Amino acid sequence: MAVAVKIPVTLRPATDGESEVHVEGETVAEVLDALFERFGELRDRISDDGGSLRRFVNVFVGGEDIRFLDGLDTPVADGSELTILPAVAGG
Amino acid sequence: MAAEKLKCKECGADYPLEALYVCERCFGPLEVAYDHSRLDVGAALRRRIQAGREDIWRYADFLPLSGPPPGPGNREIPLAGLPVGWTPLMRADRLAQALGLRNVYVKNDAANPTHSFKDRVVAVASARARELGFATLACASTGNLGNAVAAQAAAIGLPSFVFIPADLEEQKILATGVYGTNLVEVRGNYDEVNRLCTELSAEHDDWAFVNINMRPYYAEGSKSLAFEIAEQLDWELPDRIVAPIASGSLFTKIARGFEEWLDVGLLEGHLPVMNGAQATGCSPVANAFEAGADFCQPVKPNTIAKSLAIGNPADGPYALDLARRTRGAVDAVSDDQIRDGIVLLAQTTGIFTETAGGVTTAVLKTLAERGDIDPEERVVLVITGDGLKTLDAVRGSFAQRQIDPTLESFEAASAHDSLIARALV
């Protein structure tokens with residue numbers, strides 16, 4: 001299933017400058033894996049050694065923080081949007 | 001000036017002093033690093049500070065501009081803007097007495113131009129933004145920041161955009177719109193506003209979002225609170241600070257200010273015990289503190305303390321670490337305790353604070369009742385905003401009588417409800 005992944009500016013050097021990438025996957029983890037397969041450099045940037053997201057990375061599905069959903073197991077419907085953003089803004 | 005570079009707080013990577021806020025390598029937050037090796041510390045520096053302007057720029061050596069402070073003497077940024085900071089530190093003996101303590105001070109940051117501590121961070125962010133050539137200011141705000149950005153933008157003649165959650169207190173909306181900003185109400189909570197603005201800042205990279213792409217500079221402004229407290233205590237450290245936590249930036253930067261002055265020898269001793277204050281309806285940092293976690297699980301805010309309603313606090317992990325290493329704590333109080341806190345502060349100090357100050361006062365009370373504070377300790381309560389911003393919080397908290405303009409009418413009313421006898425707490 002095709003999912004649109006929005007890439008933050010900080011990561012665009014690792015996606016050949018693309019701000020939106022379409023990949024397949026049924027959960028957040030699968031979508032991210034597909035993304036990492038295309039752009040290998042991304043894995044280290046947003047995942048830690050154990051495969052979890054780094055602590056200052058926020059991921060949203062359809063505008064909702066995945067920590068309010070099922071985390072990396074959150075299902076991602078066909079045609080939905082996954083957004084990766086830095087967590088350090090605001091306040 | 002002494003600001004040297006930006007440094008990632010997570011992995012230590014260095015970056016130039018530009019409009020950057022995220023580490024490209026690990027997504028960690030960037031912070032300004034200084035080189036104070038050429039500073040003539042000691043009595044000379046003290047005297048220079050004491051002879052300085054009565055605003056935050058008296059501490060220019062510890063703030064992140066590359067040139068001198070804004071003002072007529074600065075060709076690059078000649079408009080000084082709103083003077084901010086140098087707010088009163090008041091001995092609060094009646095509050096102390098009510099809590100069984102002896103040395104309580106209130107740092108009243110409601111005495112800033114737009115009546116909250118946010119004027120400090122905006123003054124620094126907007127000055128740095130002008131040095132970097134930005135011509136538009138913007139922010140994601142829970143209300144107080146919007147006031148400060150709109151006012152500072154008006155003072156320095158820049159257009160501004162203020163993004164707020166649509167359910168904010170009317171007072172904060174009116175006190176922002178009046179400055180002629182572009183006020184955008186977002187149908188969502190603050191965390192959603194913040195997410196939108198993070199995305200927007202990437203699309204409008206010619207805008208200085210004070211708390212996003214300018215965040216490393218913005219956050220430095222909060223150090224001036226620590227500098228002032230130390231200077232107002234005759235160059236001594238307090239034993240304990242009680243301050244509110246929303247994103248955790250203010251809380252951690254107060255400590256950073258003390259640390260910098262300890263490092264250069266302007267102060268002696270050790271960091272005060274740092275106590276953070278949150279509302280139960282939005283307490284991700286207090287929850288993590290209680291659970292022994294080193295990272296915050298985000299929450300959906302539901303509290304009258306809207307200026308603290310950040311469910312996903314950017315500096316949460318650093319606030320947790322600071323509270324733990326200073327043997328402090330992060331506590332949360334209910335909306336009723338917040339209202340009582342506002343009343344307690346008003347009726348013992350004459351300072352009317354907004355809900356965030358109610359949170360902080362209520363946490364001080366909790367700590368005192370719990371026996372966490374030695375009565376002899378010198379405690380500073382950081383009051384960050386004015387009660388006129390959140391009037392609804394005190395509606396119904398007292399009774400008043402309406403009378404006819406006759407002596408008889410007054411006597412009858414005062415006999416009825418002991419109007420005169422009802423006084424001190």
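Look up a bit, the structure's there.
Residues numbered from 1 in each chain as written. Chains lettered and ligands numbered in written order. Predicted model: local features only at pLDDT ≥ 70, side-chain atom pairs only at ≥ 80, totals over all residues.

Colleague: Describe the overall build of chain B, naming the residues involved and giving the relevant values.
Modeller: From N to C terminus, chain B includes 14 helices and 13 strands. Its C-alpha atoms give chain B a radius of gyration of 22 Å, near enough to 22 Å, the size a compact globule of 425 residues would have. With respect to the three principal axes, the spread of C-alpha positions in chain B is 70 × 45 × 45 Å. Taken over 425 residues, chain B has a buried fraction of 56%. Long-range contacts, defined as pairs at least 24 residues apart, comprise 69% of the intrachain contacts of chain B with a sequence gap of at least 6. (Helix = DSSP H or I, 4+ residues; strand = E, 2+ residues; numbered from the N terminus. Rg over C-alpha atoms; globule rule 2.2 N^0.38 Å. Buried ≥ 20, exposed ≤ 12 C-beta atoms within 10 Å, placed from the backbone. Contact = placed C-beta atoms within 7 Å.)

Colleague: Now, about the sheet that holds strand S1 (residues 2-6) of chain A: what can you tell me, with residues and values included?
Modeller: Residue and element names in this part refer to chain A. Read across the open sheet, the five strands follow the order S2-S1-S5-S3-S4; overall the sheet is mixed. Both outer strands of the open sheet, strand S2 (20-24) and strand S4 (64-65), are each paired with one neighbouring strand and no more. As paired strands, S1 and S2 are joined by five bridges and run antiparallel to one another. Bridging from a neighbouring strand, Ala 2 pairs with Glu 24 of S2. Its contacts with the sheet put helix H1 (residues 28-38) on S1, S2, strand S3 (57-61) and strand S5 (81-86), and the angle it makes with S2 is roughly 115°. (Pairing = 2+ DSSP bridges. Axes fitted to C-alpha atoms, helices over the stretch in contact; angles between N-to-C directions.)

Colleague: Could you give an account of the interface of chain B and chain A, naming the residues involved and the relevant values?
Modeller: With 31 residues of chain B at the interface, the matching set in chain A holds 20 residues. Among the elements that line the side of chain B that touches chain A, the one with the most residues is helix H6 (residues 190-203) of chain B, at five residues. Classifying every residue of the side of chain B that touches chain A gives 16 nonpolar, nine polar and six charged. (Nonpolar A, V, L, I, M, F, W, Y, C, P; charged D, E, K, R; others polar.)

Colleague: Report on the packing of helix H10 (residues 284-291) of chain B against helix H11 (residues 316-325) of chain B, specifying residues and quantitative values.
Modeller: When two helices pack together, their arrangement is given by the angle between their axes and by how far apart the axes lie. Residue and element names in this part refer to chain B. Following both chains from N to C, one finds H10 and H11 inclined at 50°, their axes separated by 10 Å at the closest point. Relative to H11, the element H10 lies oblique. Handedness of the crossing formed by H10 with H11: right-handed. Seen from H10, the contacting residues are Pro 284, Val 285, Ala 288 and Phe 289; seen from H11, they are Gly 316, Ala 319, Leu 320 and Ala 323. (Parallel < 35°, antiparallel > 145°, perpendicular 65-115°, else oblique. Left-handed = near helix turned anticlockwise from the far one by under 90°.)

Geometric values such as these leave the question of function open.
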